[in-house]
Each structure stands twice: as C-alpha cells, then as structure tokens.
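Take a look at the letters that make up each chain.
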Amino acid sequence: MAAETVDHSPLPLGRQIQHILVKLGFRPRTAVIFVPYFWLTLFFLVPFFFVLKISFAQTIIAQPPYTPLFGPDSVPTHELLDNFRRLFQDTIYFDAYLTSLQLAAISTVICLLIGYPMAYGIARCAPSTRSLLLMAIILPFWTSFLIRVYAWMGILNTNGVLNNFLLWLGVIDAPLNLLYTPLAMYIGVVYSYLPFMILPLYANLEKMDVSLLEAAADLGCRPIKAFFVITVPLSFPGIVAGSMLVFIPAVGEYVIPELLGGPNALMIGRVVWNEFAQNRDWPMASVVAIAVLALLVVPIMFFQYYQNKSQERAA
Amino acid sequence: MAAERAKADSQTETWNDPDAVPYIRIENVTKKFGDFVAVNNVSLDVYRGELFALLGGSGCGKTTLLRMLAGFEQPTTGKIYIDGVDMADIPPYERPTNMMFQSYALFPHMTVEQNVSFGLKQDRVPADEIKKRVGDILDMVQMRNFAHRKPHQLSGGQRQRVALARSLVKEPKLLLLDEPLGALDKKLREATQFEIMNIQDRLGITFMVVTHDQEEAMTLATRIGVMNHGQIVQVGTPKEIYEYPNTKFVADFIGSVNLFEGYIQEDEADHVLIASEEAGCPIYIDHGISAAPGAEVFVAIRPEKLELSKTSTGTGHNCTPGTVKGVAYMGNLSVYLVQLDSGKEVKISMSNQRRAAEHAIDWDDRVYVTWHANSPVALLS
C-alpha cells in the first residue's frame, strides 16, 4: 500500500481504464452478470416499457394507431387509467381470462396425470432405452408447432382420421363433431405441452435414490404406498416445474384455440389478437397483455420461490 | 469387557453345538447378473443371537448376499430360510428383517422422528406406543435432541445413528447392516462398534454385517465369513480366521502376513518340516498337516510372531539371516523390513515395551529372523 501511494508514475492505459471501471463499481465479476441483465433489459424490459406506454395511450386513426408516446403531444387528454377501467367494465375480458385460466389449469392437471407415469417409466428404464424414449418425447419439436396443430385438425375433422377409424370399427354410426369444440382445444394443448411436463419430471425422478424405495419396502411399506409417501413428495419440485412450464404458456395460448377451438372459444390470446389486428385498438391490446402478465407473475413468483427453497435444501 | 465377552462367546458357541437349529440357513445359493456370477453356490448357517460378519473386498458378492436376505434380489438358484421359513416368495415388506443401508437411505423429506417411526406406522402400531418406542430408541442412539431435524441438517455420524435407530426400532428378528460404519472417522467408528455390540447384547437380535474392513469384522463379530469371488472361503471366529487361515487368500486378506513358498520334506503326526528357498532355512511346525511329502505349500507367519535377534539360535531351522532395510516407528509398535539373504523381504513388528531407541537394532544391521514352532501356518492353497 505504501509503495502505491509513493509511486506516481503513470500506469499503462489498460490498467488505468480498469482502475476507473473498478472505482465505478465494474469488476470482472460484474461484467459476467452484466450480460444476462443487458439481454433482459434490451429484449424484455424495453419492449415491456413500450407496451406499458401504449396501454396509457389512446386510439387514433394514424400510423401507428395510437397517440404519440413521447414528446409534447404525449400528454394524455383522457384519463390515464381509462383503458384499464374498460378491462373491468366489459365482461368479455373477464370471461376470456377465466376460460384461459380454466383451460390452462385443467390441461396442466391432465398433463400431470399423463406425464407423471410416462416420466416415471422412462426414469426406471435401462439407460439405453431411456435415451431412446426421451428422444421420442423431444422428436415432435423437430416439426413446426403450427404443422402439428394442423395435423390435429386433420385427425379431428368430421371427415378426419379419427372419425373414419371409429366408423370403420363400427363404434359410431355417424361422425362425431370433434373439431372446433373445447375437447379439441384440450387435446391440442395437452398434446403440445406434454413434453414440458415430462422433461422436468423425468429430470427429477431420474435423480431419485432407488435405495429409498428399498428402505421403505424393508420397513414394511408396500410398493404402491411407497410411491405415494416417498416418490411423489420427493418429486414435488419436478411437479411444480412441469406444471409451471405447462400452465404459463397455456394461459396465453393463441394458436390452438384459434385453430382447434372454433369461433366461440374466447381465450385471452385471441382477445389480444382481436384488439390488435381487427379493432386496431393497440392500447387496449396492451392493457389485456399487461393484465395477463400480472396474472402470471403470481405463479412465476411461486415457482421461483419454490425453486430457490429446493436449491437451498440441496446445498 | 472384551474378556467377559470372549467368555460369554465360549459358553454360547451355538455353531459348535450339533443340536442347534440355524436361524438363517443359506442353501447352495447362486446369484447371476447376466453372465456375471455374483454369488457362487454359497451355503451358510447363522444361529440366533449371532453377530455374523461377511468380510471381503469390493465385488466379492457380500452385499448381494445381504440383499438376497433382505429380499431385494432373488437367488438364481438355491434357498434361503429365516427361522425355518422359506423366503423365496416373501417380498421385502413382509420379511422379518430390517436393513441399515450403506448410504443410510434416510427419507430426505422426513424429520428424524418421522424416519424412525416410518416402519412402526406401516405395522399400524398405536400412536402412543410409536411415540414411546421412537423416543426410547432415539435416546439409545443419543439423537433425541435432533428428533425434529431433517437428514440434510445432520452430520454423517448423526445420520448413521438415525439409520441404525430406524432399522432397530422394529426389533427385527434379523438386522442386516451394509458397511454400517464406512463413512465414519476412526474415533466415532470405534465408539459405534461398541454401541452396536451393546445393542446386540441387550436386544438379542441376530446381526448380519457386511464389511470390507477386517478390523471392524474382528471387533464386532462372533463369527466371520470371508468371501472371495462370490464364494465363502472360510467361516470361523475372529481368532480362528486370524490364527488359522485356511488359504493364502484369507491369510493375506486378514491382517498382514509373510508368505514363504516351499515344499514338504517330512510330515509326521507331531510335526512337519518344510524346505523353503525363500525363507533361507527349513521351517519346522509343531503339528502335522497330513499332506504328501514333496507337495507344494505356502507358509504364513504373522509379522508379530517373528522375532529379531543379533545371534543365531543355532537350531538349523526357524532361524534365517538377513539385513534390516527399514524401520517404521508407529508409536505402540515398530515395524522392521528385513531383506533375507534369499532376497525375500519380510515384515516384523515388535511392540515398543520400552521407550524407542532402546531397541538395539537399526538400519543395515545384520540380524537373524526367528520364530516359534507353533507360529507358522502351512497352507496348501
């Protein structure tokens, strides 16, 4: 320290810059953390800010179709929360949120009921079979999501594969009306999001120490009971992770209700699209989008909290 | 206490009683995993109240044998009887056994108390009785203060005691312990060894311990079964195994040993004389081994049964010259490495009854290695 204060000879430029950066609070460690923060700021926070700003604007016939966001003209001439008030006044929004949440919640439960046994089965397979089965789970992602949903239209159509098959079997006399029903929507959502349930569950179940089940059996616990008192509680972090990964995107799902759900399926994703493209009401579309975000922040926070807790436990 | 125990053992050597009915009977059990034979035609009888140790290196099949007793593996061929009942069709959750796992296998989402009471709850024991028994057993392993902790909040030694409590609380007919003390440091291990012996004396449970640690097996067990390549090569009391190993493998595996290759010159009822180039002198043993003259044998002598002196005994056998190549002072004893004139190196340990440096033997000294006629063991295989 003493030598440093005495020595006044100029440092090389690189070192000088480094010194200044450190004094400003930028250390190499900060630089590493800086990258994700920068990314999130640029691609999430800034666009979100624009959306938020638009939600306070007013529709006008112009290009873009809302009052300017910045500058002297940006002072709102209407009440600031007008758009948000409309959200509560018109029941269409409330209904759309409710149906979306219902669709997401029920689909999540169905995904869990189908995905858990699948994940469990894969996790208990021989390692070579395991990777093959996992491949089969991931394989659909190699095809466009849109094409897969269209394929379901082909299956569920009145003249579709399923109806023809059932007619051929003689189970039904006349084709069933499957497409453009809530059932089709559920099939689409469960089918599309099932891998997101299976993969985290698999990751969790695969780690589980099999000797715990042996210990349970050794202490007199039958295998079925051991599953419910040992395996299920221990896989809870996997259940939470998988459910969040299904629930959150399913709430805002647009393509599946649009293609499979028929005109009456009023989902929040469609409401946003209608406001945005058909009504050209960008501010209202922004309000609806922000409300979805607020609605989803709660489960995300819960997810985060739970994940942190389980990580602490593992440490 | 050790003396008392030895006395008790000599009175209750059930395995030497021809009328005794074995408590565990393992009959020609073989276990194959694919082409690999993990356990090869093992037959073994263990009696009530014994503390039997299965000793062997890793992969010798000892854990597989234990897992077959617990019911986690099925024998490929052969039968297992516990208390006279054929175990073939009895699943683990109905067997009168409890196991303490090598990894402890404590349920991570349950507290110590919940872990220990788990087994009793499965048997629908009344709640107040569960509370009492769990409390008692936690007292015994000195873990009552930790009853509400989760396993991840415990140290290795504490987890091990919880695992022991969990396997003991149901008071099984047979307690299986898989490397019970492997994860503990030396001090804690010794303390726990005595704890296990106390419990065994108090509860009279039959114990079966799997271990690779010969010291642990010697301390704990009433009898030891030494395993190698899926077979039991020798069964006996710790003393028998140590003093009278029946094969080169057992002699080498248990403790430290000097082995000399040789062949039989004379084999009489009261003595046997073995010529050994490696030893550098004929080896005289004061009992017969009934083998043909000329047969190849290995002679095993424990390091503590060899003596060093600067003068020859002059008997012409059991005395061979060499040079001290190394001295390791270990506190309670010193180990000397002596190169015999034949080139063979032998280990000799001598207890340091007096303070160090009073041993007059040091590096590069010329010495005679001698032994008593009842010390060597002649091994045919």
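Keep in mind that what you see is a predicted model, and the values were worked out from it rather than measured.

Here the focus is the overall build of chain A. On a plain count of helices and strands, chain A comes out with 15 helices and zero strands. Relative to a compact globule of 315 residues, whose C-alpha radius of gyration would be 20 Å, chain A shows 27 Å and is clearly more extended. With 315 residues in all, chain A has 37% of them scored as buried. Distance between charge centres in chain A, computed from 17 positive and 17 negative side chains, equals 8 Å.

Of all hydrophobic cores here, the largest spans 58 residues; its most connected members are L87, Y93, Y97, I256, L260 and V288 of chain A. Looking at which element gives the most residues to this core, the answer is helix α9 (residues 182-207) of chain A, with twelve residues. Excluding its chain neighbours within four sequence positions, the residues that come into contact with L87 of chain A are Y93, Y97, M284, V287, V288 and A291 of chain A. Within the second largest apolar cluster, 42 residues are counted, among which are F52, L69, A70 and I80 of chain B.

Residue and element names in this part refer to chain A. Under the defined criterion, the tally for this structure stands at 18 aromatic pairs over all chains. Here F44 and F48 contribute two aromatic rings whose centre-to-centre distance is 6.1 Å and whose plane-to-plane angle is 10 degrees, an arrangement assigned as stacked. Residue F44 and its partner F48 are located together in helix α3 (residues 28-55), separated by four residues, close to a single helical turn. We classify F44 as partly exposed; its relative accessible area is 44%. Classification of F48 as partly exposed rests on a relative accessible area of 26%. Ring centres 5.6 Å apart and planes at 45 degrees place the aromatic pair F56 and F84 in the tilted group. In this pair, F56 is assigned in the loop between α3 and α4 (82-89) and F84 in helix α4, connecting sequence segments 28 residues apart. Accessibility expressed as a relative area gives 25% for F56, which makes it partly exposed.

Moving on to the environment of N83 of chain A. Residues and elements named next belong to chain A. Within the element layout of this structure, N83 appears in helix α4. Not counting residues within four places of it along the chain, the set of residues in contact with N83 comprises S55, F56, A57, P283, M284 and V287. For N83, the side chain forms a polar contact with the main-chain oxygen of S55, separated by 2.5 Å.

Here we take up the environment of T211 of chain B. All names here are of chain B. Summarising the element assignment, T211 is placed in strand β8 (residues 206-211). A relative accessible area of 1% places T211 in the buried class. One polar contact links T211 to E216, side chain to side chain, over a distance of 3.4 Å.

We now examine the sheet that holds strand β3 (residues 51-56) of chain B. All names here are of chain B. Strands sit in the order β6-β7-β8-β3-β9-β10 across an open sheet of six strands; the sheet is mixed. Looking at the sheet topology across the chains shown, the edges are occupied by β6 (97-100) and β10 (231-236). With direction set aside, neighbouring strand axes in the sheet form an average angle of 20 degrees. With four bridges connecting them, β6 and strand β7 (residues 174-178) associate as parallel partners. By the bridge assignment for β7, M99 is matched with L176.

Turning next to the domain arrangement of chain B. Residue and element names in this part refer to chain B. Domain parsing of chain B yields domain 1 (2-96 + 172-248) and domain 2 (256-305 + 318-379). Taken together, the contact pairs seven residues of domain 1 with seven residues of domain 2. Buried surface at the junction of domain 1 and domain 2, both sides included, amounts to about 680 Å², of which 57% is carbon and sulfur. Ranking the residues of domain 1 by area buried against domain 2 places Y242, P245 and K248 at the top, with a combined share of 73%. Linking domain 1 with domain 2 are one salt bridge. For K305, the salt bridge identified is with E243, shortest N-O distance 3.0 Å. Looking at which element gives the most residues to the side of domain 1 that touches domain 2, the answer is helix α8 (residues 238-243), with three residues. When grouped by side-chain class, the residues that make up the side of domain 1 that touches domain 2 number three nonpolar, two polar and two charged.

Moving on to the domain arrangement of chain A. Reports often express the size of an interface as the amount of accessible area lost when the parts come together. All names here are of chain A. Split by domain assignment, chain A resolves into domain 1 (12-55) and domain 2 (81-314). Measuring from the centre of the C-alpha atoms in domain 1 to the corresponding centre in domain 2 gives 35 Å. Facing five residues of domain 1, the contacting portion of domain 2 comprises eight residues. Between domain 1 and domain 2 lies a buried interface of about 550 Å² when both sides are counted; carbon and sulfur atoms form 78% of it. Linking domain 1 with domain 2 are zero salt bridges.

Residue and element names in this part refer to chain A. Here helix α10 (residues 210-218) crosses helix α11 (residues 223-234) at 155 degrees, and the two axes come no closer than 10 Å. Viewed along their axes, α10 and α11 adopt a mutual orientation that is roughly antiparallel. Considering the relative orientation of α10 and α11, their crossing is right-handed. Contact residues: L212, L213 and A216 in α10; A226, I230, T231 and L234 in α11. Here the contact of α10 with α11 is built from residues that sort into six nonpolar, one polar and no charged.

Before going further, it helps to spend a moment on unusual backbone geometry. All names here are of chain B. Here the phi dihedral of E179 falls at roughly 45 degrees; this positive angle occurs in a residue that is not glycine. The residue E179 is located in the loop between β7 and α6 (186-203) in this model. A positive phi angle, close to 65 degrees, is found at D364, a residue other than glycine. The class of D364 is exposed, set by a relative accessible area of 56%.

A few words now on the side chain of Q158 of chain B. Residues and elements named next belong to chain B. Topologically, Q158 is positioned in helix α5 (residues 156-168). Looking at Q158, the relative accessible area reads 15%, which means it is buried. A polar side-chain atom of Q158 sits 2.9 Å from the main-chain amide nitrogen of S155. With sequence-adjacent residues up to four places away left out, Q158 is seen in contact with M143 and F146.

Our next topic: α10 of chain A. Burial runs high along α10 of chain A: eight of the nine residues are buried. When α10 of chain A is considered as a whole, its buried residues turn out to be S211, L212, L213, E214, A215, A216, A217 and D218 of chain A. Contacts made by the buried residues of α10 of chain A are with α5 (91-123) and α11 of chain A together with α2 (62-70), β6, α3 (112-122) and α5 of chain B. Following α10 of chain A by one or two positions, G220 of chain A adopts a phi angle in the positive range, close to 100 degrees.

This brings us to the pairing of β3 of chain B. All names here are of chain B. For β3, the tally of buried residues reaches six of six residues, placing the bulk of the element in the interior. Of the two faces of β3, the one carrying L51, A53 and L55 and the one carrying F52, L54 and G56 are both buried. Summarising the sheet, β3 and β8 pair through five bridges and their orientation is parallel. Its bridge partner lying in β8, A53 is registered against V209.

Each partner contributes to the interface: chain B provides 23 residues, whereas chain A provides 19 residues. For the pairing of chain B and chain A, the buried interface totals around 1,800 Å² over both sides, and the portion due to carbon and sulfur atoms is 61%. It is Y93, H109 and Q122 of chain B in chain B that bury the most area against chain A; as a group they hold 32% of the surface buried on that side. Put simply, chain B and chain A have two salt bridges between them. With a shortest N-O distance of 2.6 Å, R67 of chain B and E214 of chain A are connected by a salt bridge.

Reading the values: the criteria
- Residues numbered from 1 in each chain as written.
- Chains lettered and ligands numbered in written order.
- Predicted model: local features only at pLDDT ≥ 70, side-chain atom pairs only at ≥ 80, totals over all residues.
- Heavy atoms only, no water.
- Helix = DSSP H or I, 4+ residues; strand = E, 2+ residues; numbered from the N terminus.
- Rg over C-alpha atoms; globule rule 2.2 N^0.38 Å.
- Buried < 20%, exposed > 50% of the residue type's maximum accessible area, 1.4 Å probe, protein only.
- Lys, Arg positive; Asp, Glu negative; His and termini not counted.
- Charge placed at Lys NZ, Arg CZ, Asp CG, Glu CD.
- Core = buried A, V, L, I, M, F, W, Y, C linked by side-chain atoms within 4.5 Å.
- Contact = heavy atoms within 4.5 Å.
- Phe/Tyr/Trp six-rings, centres within 6.5 Å; stacked < 30°, edge-to-face > 60°.
- Polar contact = N/O pair within 3.5 Å; in protein donor to acceptor, adjacent residues only side chain to side chain.
- Pairing = 2+ DSSP bridges.
- Axes fitted to C-alpha atoms, helices over the stretch in contact; angles between N-to-C directions.
- Domains from an automatic or database assignment.
- Buried area = accessible area lost by both parts, 1.4 Å probe.
- Salt bridge = Lys/Arg side-chain N within 4 Å of Asp/Glu carboxyl O.
- Nonpolar A, V, L, I, M, F, W, Y, C, P; charged D, E, K, R; others polar.
- Parallel < 35°, antiparallel > 145°, perpendicular 65-115°, else oblique.
- Left-handed = near helix turned anticlockwise from the far one by under 90°.

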